[in-house]
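# Tertiary structure, described
The primary structure of each chain is shown beneath.
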Amino acid sequence: MPGLLRGVARTAVVAGTATAVSNRVSRRQGGRWAQQEAQQQQAQQQAAAPAPPPPPAAAPADDMTTKIEQLKQLSTLKEQGVLTETEFAEQKRRLLG
């Protein structure tokens, strides 16, 4: 009987050790997979993020300066008689509108 108990005890120790090692390997592998999934999700979120808006095309001061110059040209054309009062008003409305 002592040999039988020794064999059962040895089997229990080996089985317990194998179970502990197996569980540890499973947890470690699960942690690695979770880390990989988190990295993939982060990469997808960064790829899906909208691009920043483009900078404004022209500064408002430059735009206003251009409009003032165009108004001066329209005024000159009106004074020369090339544009009528109605045409001048229409062009001015388009420019400022």
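Residues numbered from 1 in each chain as written. Predicted model: local features only at pLDDT ≥ 70, side-chain atom pairs only at ≥ 80, totals over all residues. Heavy atoms only, no water.

## Some details on the overall build of the protein
Keep this limit in mind: A run of DSSP states H or I qualifies as a helix once it reaches four residues; a run of E qualifies as a strand once it reaches two. Both are numbered from the N-terminal end. Only protein chains enter the accessibility calculation, which uses a 1.4 Å probe; a residue whose area is less than 20% of its type maximum is buried, one above 50% is exposed, and one in between is partly exposed. Here the open area of atoms and residues is found with the Shrake-Rupley method and a 1.4 Å probe, where only the protein chains shown may cover a residue.
When helices and strands are tallied, the protein shows three helices and zero strands. Starting at the N terminus, the α and β elements of the protein follow one another as α-α-α. Here the protein, with 97 residues, has 4% of them falling under the buried criterion. Carbon and sulfur atoms form 58% of the exposed surface of the protein, whose accessible area is close to 8600 Å².

## So, the pattern of salt bridges
What counts here: Whenever a carboxyl oxygen of Asp or Glu lies within 4 Å of a side-chain nitrogen of Lys or Arg, that contact is scored as a salt bridge.
What the rule picks out here adds up to four salt bridges. Here Glu-85 and Lys-78 are joined by a salt bridge, their closest N and O atoms 3.0 Å apart. The salt bridge involving Glu-90 is made with Arg-94; its shortest N-O contact spans 3.2 Å. Separated by four residues within a single helix, Glu-90 and Arg-94 lie in helix 3 (residues 85-96), roughly one turn from each other. Assessed through its relative accessible area of 28%, Glu-90 is described here as partly exposed. Taken together, the salt bridges that share partners define one network made up of Glu-90, Arg-93 and Arg-94.

## Overview of a positive patch on the surface
Filter applied, for reference: Note on patches: the residues involved have over 30% relative accessible area and no salt bridge, like charges join within 9 Å, and the nonpolar side chains Val, Leu, Ile, Met, Phe, Trp and Tyr join within 5 Å. Positive charges are assigned to Lys and Arg, negative charges to Asp and Glu, while His and the chain termini are left out of the count. By convention, charge coordinates are those of NZ in Lys, CZ in Arg, CG in Asp, or CD in Glu.
Judged by side-chain charge, Arg-24, Arg-27, Arg-28 and Arg-32 come together as a positively charged surface patch. Following the sequence through the fold, Arg-24 ends up in helix 1 (residues 2-48). When its relative accessible area of 55% is taken as the criterion, Arg-24 is described as exposed.

## Overview of the confidence of the model for the protein
The line we're drawing: One confidence number per residue, pLDDT, is output by the predictor and ranges from 0 to 100.
Confidence in the prediction of the protein, expressed as mean pLDDT, is 82, and 86% of residues score 70 or more. When mean pLDDT is compared element by element in the protein, helix 3 scores highest at 88, while helix 1 scores lowest at 83.

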